[in-house]
Structures are given as structure tokens and as C-alpha cells.
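A look at the structure
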Amino acid sequence: MKHDLIILGGGPAGLAAAIAAYDAGVRDLLIVERDKELGGILNQCIHNGFGLHTFKEELTGPEYAARFIAGVRERNIPYLLNTMALHVSPDKVVTLMNRTDGIQTVEAKAILLAMGCRERSRGALNIPGYRPAGIYSAGTAQRLVNMEGFLPGREIVILGSGDIGLIMARRLTLEGAKVKVVAELMPYSGGLKRNIVQCLDDYGIPLKLSHTVVDIRGRKRVEGVTIAAVDERLKPIPGTEEDYDCDTLLLSCGLIPENELSREMGVAINPVTNGPRVNESLETSIPGVFAAGNVLHVHDLVDFVSEEAAAAGRAAAAYIAAGDAERHEIPIRFEGGVRYTVPATIDPAFVRDALTVRFRVGSVMKNRVVRVLMDGEEVGKRRRQIMAPGEMEEVKLTRAQFDAHPALGELLIRIEEA
């Protein structure tokens, strides 16, 4: 079996990419989704706050997903559900498995990676103590409450202040549980400011920054946890321990892009994002293999996932139409606290009307200016009152700016004090 484009993942990134590729002329495409329905993680995100950028209105996660699912069905874009991608070869042969067809291989002219991300588990956190029942990732707890109708506990402590953990603090409170504290290892929250206000402050839930869990009590079921303050090296400070009686510990300690398939096929991975290293077309180090959404880098808003994935879908369509092309890669350099950029490299010849460069900073910064320089000449600047690691930043570059620098050799993004 052969297709022009195979999209791995039927969540918000995969759906937006499929619609954009179809509208750009690709008719022979296939979405592969391992779950029993399209929509991905949005199906369990029943809170509102989605779609403000994309649709200019506030939607719940399922409502946001439904609009893209409708777009896929209106275009009769085929998709496989309950189907796992087991392997992708460098020459773009995908091995799939499901209960109906067993194991099959499918060839593609182009592949778009949209597998999303997963949560960091307890095993990656090195928390001492026994391994009793009652320890959940925040996303697992979200699915249990919102989709399975199961309350994981009555007295909750949350480790980590990622957005899912903050949202679950509110959700569990509304269901009658008591969230006693949210402890965050870093001196700043990993979530959006609006979620801190709406999910913690509005419900009187304390947030303890520079704190972590140092012990879990209980053998069969969690009976309590001990948290302690940490120093600048993130090591617990003796004498700062606080005990909390609880029956449940939720972990909201970061998301990891789901890139086992990407690594296996030989895609170059950015060590900062743990996602593929891509160019301005969101194309990976393997020609014809594109990536978008949380598999590329963890986003704060699903609207940006959809926007990015649509760009990747259009780029995949252009690749299918034109095939491999000679490229002149220019790395994007960054200074002043930027942790990474997406894309990591650009070829100005492949920039269409505009290019959005997204990045995150490594610490909370106040009163800064973001400057963009092409071969040392400033082509744009943006003043920011505050920047935080939990919120994505971006700069937009126009085709005219690239045309004004036909022999471009360096693009630099620099953060300075205002």
C-alpha cells in the first residue's frame, strides 16, 4: 500500500496538518491514530480556554477537537483508529498494527510526525519512599475524572506546577477533594499565569516554589508525603521538611515529546526540546519527514499547535509536489537566555510570505527587549515586560525582510535589558 502523505497521530496537530495538506492539493493521505477516536489529549480536557486565537472564542478541548474532526470528515480524509505505528524506516516505510488487519507496511512520499508527548513518570524523578497505590500522573488523573468517572483520591498533594497539574487542582477541588498544596521544584511555575490565578489562587490552594517531595509514606496506599525546600542546586535543605497527610500524590513534572519512532528512523533530535531538529519548513533531518505539535516541542496553547501543524501540512504538500531540493541551511543563533528556537535552521529561499520563530526562555525575565538581527542589522524588536519558561515566545519575520538580505549568513535572536 502506498500514500503520498502519512500523518502519525490524530490529535490537534495531526488533524490540522491533514486539513492544511488536503487544502494544498494532497488527496492521497492517511491519518494513523492509536486511540479509539480522533482528537488526542483534547478529549479529556473538558475545561475551557481553547480556541481564543484560532476561532476567536472560548471552547472546551472536545469542542475544539470537534471542529477539526468535522473538517477532516468533510474532506473525506481517511484515517485508521486503534492502529499503532510500530516502526518507520528512513526511506519512509511505516509498519502498522491493529486487530483487524494485523501487521502491515505502508509506503509514503512524505511523513508528518504528530505523536504528541507524554508525562514524566515517578521513575524519572527519583523520589524516595515506598511504591504504594495512589500515585498518579496529572494526565492520568484527568482522564480518570473526566472520562472514566473515577475520583483518584480525597486528600491530594500535587508535585509540579505544569498546566495539567494546575488544572487538576481546580478540577479535583470542584469534585469535592481537598488539594492541600502544590509543590514546585523550580523558583517559578511551569504553567501559564492565568492557570495559577484561576486554578490555585481562586480556590485558596497554596503554591510552594523551590520545594519538592522528599518522602512518600505508606506501603499499600499513600498515607502522606514530606516536602522540603531546595537550594539553588535544587537539593533539599535539611530542617525545612513539612509533612502532609494525604491519600494521593499527583505528578505534574513536565512533558516529554514522544519521539521513539523518530529516533529509531534516524531523525536528529534537539537535546533541549527532546524533539526533532527542524528547518523553516518544519522538515526534520530526513528529507520528506516533517514534525509539528508537542512531538516537536511542548506548547503552552493548542492554538499554536494547530497553527504550526497547518504550516507543516502545507510544507509537506509542497515537498510532495516538488520532491527533494538543494538547500542552503543557516542556523538560527540565540543569546541572552533563549533556550532553543523552532525552527533551528532556515533556508530563506523556502520562506513563503512569513516565518514564525518560536522559543522559550530559561528563567523568569522582566523588562526585556527581544531583538532580531540579520547579518548584524536589526530587523525587528519587541519589548516584553515579563517572560517566563512556562509561556512560549515568538518573533515573526516577513518575506520582505529576507529579500532585503539576499546573501543572508546569520540570523540572531537576542534578549537584552530594556
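Preceding this paragraph is the structure being described.
All of these numbers come straight from a predicted model, not from anything done at the bench. (Residues numbered from 1 in each chain as written. Predicted model: local features only at pLDDT ≥ 70, side-chain atom pairs only at ≥ 80, totals over all residues. Heavy atoms only, no water.)

With that settled, the discussion passes to the pattern of salt bridges. This model, assessed by the stated rule, comprises 27 salt bridges. We note a salt bridge from R67 to E57, for which the minimum N-O separation is 3.0 Å. One end of the pair, R67, is in helix 2 (residues 61–74); the other, E57, is in the loop between strand 3 (48–50) and strand 4 (59–60), and ten residues separate them in sequence. E242 is paired through a salt bridge with K208; the nearest N and O atoms lie 3.6 Å apart. Separated by 34 residues along the polypeptide, E242 in strand 16 (residues 242–245) and K208 in strand 13 (residues 207–209) bring together distant segments of the chain. (Salt bridge = Lys/Arg side-chain N within 4 Å of Asp/Glu carboxyl O. Helix = DSSP H or I, 4+ residues; strand = E, 2+ residues; numbered from the N terminus.)

Right, let's talk about the packing of helix 3 (residues 138–146) against helix 4 (residues 163–174) for a bit. Two quantities define a packed helix pair, namely the angle between the helix axes and the distance between the axes. Two numbers describe how helix 3 lies on helix 4: the axes approach to 9 Å, and their chain directions differ by 35°. By crossing handedness, the relation of helix 3 to helix 4 is classed as left-handed. Contacts between helix 3 and helix 4 involve A138, G139, A141, Q142, V145 and N146 from the first element and I164, G165, I167, M168, R171 and L172 from the second. (Axes fitted to C-alpha atoms, helices over the stretch in contact; angles between N-to-C directions. Left-handed = near helix turned anticlockwise from the far one by under 90°. Contact = heavy atoms within 4.5 Å.)

So, about the side chain of E258. With respect to the helices, strands and loops of the structure, E258 is situated in the loop between strand 18 (255–257) and helix 6 (260–265). With a relative accessible area of 16%, E258 lands in the buried category. Not counting the four nearest positions on each side in its chain, E258 is found in contact with R34, M115, G116, C117, R118 and V295. (Buried < 20%, exposed > 50% of the residue type's maximum accessible area, 1.4 Å probe, protein only.)

With that settled, the discussion passes to the packing of aromatic side chains. Per the stated rule, a full pass over the model turns up four aromatic pairs. Pairing F55 with Y64 gives two aromatic rings, centres 5.5 Å apart and planes at 70°, and the pair type is edge-to-face. Residue classification places F55 among the partly exposed residues on the basis of a relative accessible area of 26%. Geometrically, the ring pair formed by F290 and Y319 is edge-to-face, given 6.0 Å between the ring centres and 70° between the ring planes. Of this pair, F290 sits in strand 19 (residues 289–291) while Y319 sits in helix 7 (residues 302–322), and the two are 29 residues apart along the sequence. The exposure classification of F290 matches that of Y319, with both residues buried. A network of ring pairs unites the aromatic residues F55, Y64 and F68 as a single cluster. Sitting above the plane of the F55 ring, R67 keeps its charged end 4.9 Å from the centroid. (Phe/Tyr/Trp six-rings, centres within 6.5 Å; stacked < 30°, edge-to-face > 60°. Lys NZ or Arg CZ within 6 Å of the ring centre and 35° of its normal.)

Right, let's talk about the environment of A183 for a bit. Residue position: A183 is located in strand 12 (residues 178–184). By relative accessible area, A183 is classed as buried at 0%. Between the C-alpha atom of A183 and that of I31, which follows or precedes it by 152 residues, the distance is 39 Å. Beyond its immediate chain neighbours, meaning those up to four positions away, A183 contacts I158, L159, G160, K208, H211 and I227.

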